[in-house]
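# Residue-level structural notes
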Amino acid sequence: MSQEQVSYYEDFNEIEKKLWSLLIRAVNDRNSEFRTPVFICGDKDNLDGRVVVIRKVDDKNYFIQFHSDLRSTKIDIIKKNPSCSLLFYGKKEKIQLRIKVKSELHYNDDVTKTSWDKTGHISRKCYLVTNAPGTESEKPTSGLESKFDNFDFSKEESEKGYENFCVIKCKIKSIEWLYLAAKGHRRALIEFKKSKKFTWLVP
Ligand SMILES: Cc1cc2nc3c(=O)[nH]c(=O)nc-3n(C[C@H](O)[C@H](O)[C@H](O)COP(=O)(O)O)c2cc1C
């Protein structure tokens, strides 16, 4: 099947089906191009993006979650301005998704407990750095004590990371879809208001 004949070329329902399937698959598929979007947040002259790993996608309640260190500078930014966005591009699929969200911070609650339990030994290491991410250092460093660097720690010891662990729940306000095709690109906007609103846009 040539790319131009895909079912989601000019069909809103098929577009929505396709984008949710890409996002849901990305949570468990380490090779998915949609697993590591850029999360953008900011305030006035302090706007920045960084790569994150999406950990949960809910196509019924319209949210995406990722994990972070509570001490990261983006947390204070999100608290001040929860309007953020997630940017995805899949080169093989030729699909870009620009998702506007309202970020909700979770710390030491049911959401973080569930996510932390699913967080494996390797990922837990990220939350065991001694000082906050972004802290200046006199020498090159991982920020970890050497026993953590060498994975020489038990599951019990890794529990300390939970003190720094938080979940950002990104509640979706709109998704802008762009599909690149030789015979003509297609661009569409889905707004998740009380009722869903679909609009075609010029690419
Ligand atoms: C492949 C990859 C995945 C990453 N996943 C995450 C993540 O899920 N959460 C996170 O906070 N940072 C993640 N990072 C690190 C961020 O991109 C960023 O460097 C870090 O969060 C510190 O920056 P900030 O505090 O300004 O956000 C990831 C980086 C890469 C390259």
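In case you missed it, the structure is sitting above this.
Please read these numbers as outputs of a predicted model, since none were measured by experiment. (Residues numbered from 1 in each chain as written. Predicted model: local features only at pLDDT ≥ 70, side-chain atom pairs only at ≥ 80, totals over all residues. Heavy atoms only, no water.)

We describe a pair of aromatic rings using the distance from one ring centre to the other and the angle between the two ring planes. Applying the stated criterion across every chain, the model contains 16 aromatic pairs. With centroids separated by 6.3 Å and ring planes inclined at 25°, the aromatic side chains of phenylalanine 34 and phenylalanine 88 adopt a geometry described as stacked. Taken together, the residues span a long stretch of sequence, with phenylalanine 34 in the loop between helix H1 (12-28) and strand S1 (38-43) and phenylalanine 88 in strand S5 (residues 83-90) at a distance of 54 residues. By relative accessible area, which is 2% here, phenylalanine 34 ends up buried. Taken together, the aromatic side chains of Tyr8, Tyr9, Trp177 and Tyr179 make up a single cluster linked through ring pairs. Positioned above the aromatic ring of phenylalanine 63, the side-chain terminus of lysine 169 is 4.3 Å from the ring centre. (Phe/Tyr/Trp six-rings, centres within 6.5 Å; stacked < 30°, edge-to-face > 60°. Helix = DSSP H or I, 4+ residues; strand = E, 2+ residues; numbered from the N terminus. Buried < 20%, exposed > 50% of the residue type's maximum accessible area, 1.4 Å probe, protein only. Lys NZ or Arg CZ within 6 Å of the ring centre and 35° of its normal.)

What follows deals with the site of the ligand. Close to the ligand lie Arg50, Val51, Val52, Val53, His67, Ser68, Ser72, Thr73 and Lys74, which account for all nearby residues. Threonine 73 places a side-chain nitrogen or oxygen 3.5 Å from an oxygen atom of the ligand. Contact distances for the ligand include 2.8 Å between an oxygen atom and a side-chain N or O atom of lysine 74. One can see that the ligand is located within the largest pocket. For the shell around the ligand, the secondary-structure elements that each account for two or more residues are strand S2 (46-51), strand S4 (63-69) and helix H2 (73-80). Grouping the constituent residues of the shell around the ligand by class yields three nonpolar, four polar and two charged. (Near = heavy atom within 4 Å. Polar contact = N/O pair within 3.5 Å; in protein donor to acceptor, adjacent residues only side chain to side chain. 1 Å grid on protein atoms, 1.4 Å probe; cavity = no way out; pocket = protein on both sides within 12 Å on 5 of 7 lines; lining within 4 Å. Sits in = over half its atoms within 2 Å of the grid points. Nonpolar A, V, L, I, M, F, W, Y, C, P; charged D, E, K, R; others polar.)

With that settled, consider the environment of asparagine 31. Residue placement: asparagine 31 occurs in the loop between H1 and S1. On a C-alpha basis, the gap between asparagine 31 and aspartate 43 in space is 33 Å, while along the polypeptide they are 12 residues apart.

This paragraph deals with unusual backbone geometry. One non-glycine residue, lysine 44, adopts positive backbone phi at about 50°. With respect to the element layout, lysine 44 can be found in the loop between S1 and S2. Although it is not a glycine, tyrosine 62 sits at a positive phi angle of roughly 55°. Inspection of the secondary structure assignment puts tyrosine 62 in the loop between strand S3 (54-58) and S4.

Its location among the elements puts threonine 73 in helix H2. Sequence spacing of threonine 73 and leucine 47 is 26 residues, and the spatial spacing of their C-alpha atoms is 12 Å.

Looking at the element boundaries, glutamate 191 is found in strand S8 (residues 186-192). Glutamate 191 sits in the buried class, given a relative accessible area of 16%. Apart from residues lying up to four places away in sequence, glutamate 191 is in contact with Lys173, Ser174, Lys196, Lys197 and Thr199. (Contact = heavy atoms within 4.5 Å.)

A few words on H2. Every α-helical turn comprises 3.6 residues, leaving residues that sit three or four positions apart pointing alike. Listed in full, the buried residues belonging to H2 are Lys74, Ile75, Ile77 and Ile78. Along the axis of H2, the buried residues cluster in a sector spanning 165°; they form a single face. Those residues of H2 that are exposed and angled more than 90 degrees off the buried face are Thr73, Lys79 and Lys80. Lining the buried residues of H2 we find S1, S2, S4, S5, strand S6 (95-106) and strand S7 (165-179). (Arc of directions from axis to C-beta.)

Attention now moves to the pairing of S6. When S5 meets S6, the two strands line up antiparallel, connected through eight bridges. Within S6, the residue paired with tyrosine 89 across the bridge is glutamine 96. Counting the residues between successive antiparallel strands, the hairpin from S5 to S6 contains four residues, one of them, lysine 94, with a positive phi of roughly 60°. (Pairing = 2+ DSSP bridges.)

What follows is about H1. Taking 1.5 Å of rise per residue, 17 residues should cover 24 Å, and H1 covers 26 Å from first to last C-alpha, within 8% of that figure. Burial in H1 covers these residues: Ile15, Glu16, Lys18, Leu19, Trp20, Leu22, Leu23, Ala26 and Val27. By the N-cap criterion, in which a side-chain oxygen at the helix start approaches the backbone nitrogen of a residue two or three places on, H1 is capped by aspartate 11, the distance to asparagine 13 being 2.9 Å. (Expected span 1.5 Å × (residues − 1).)

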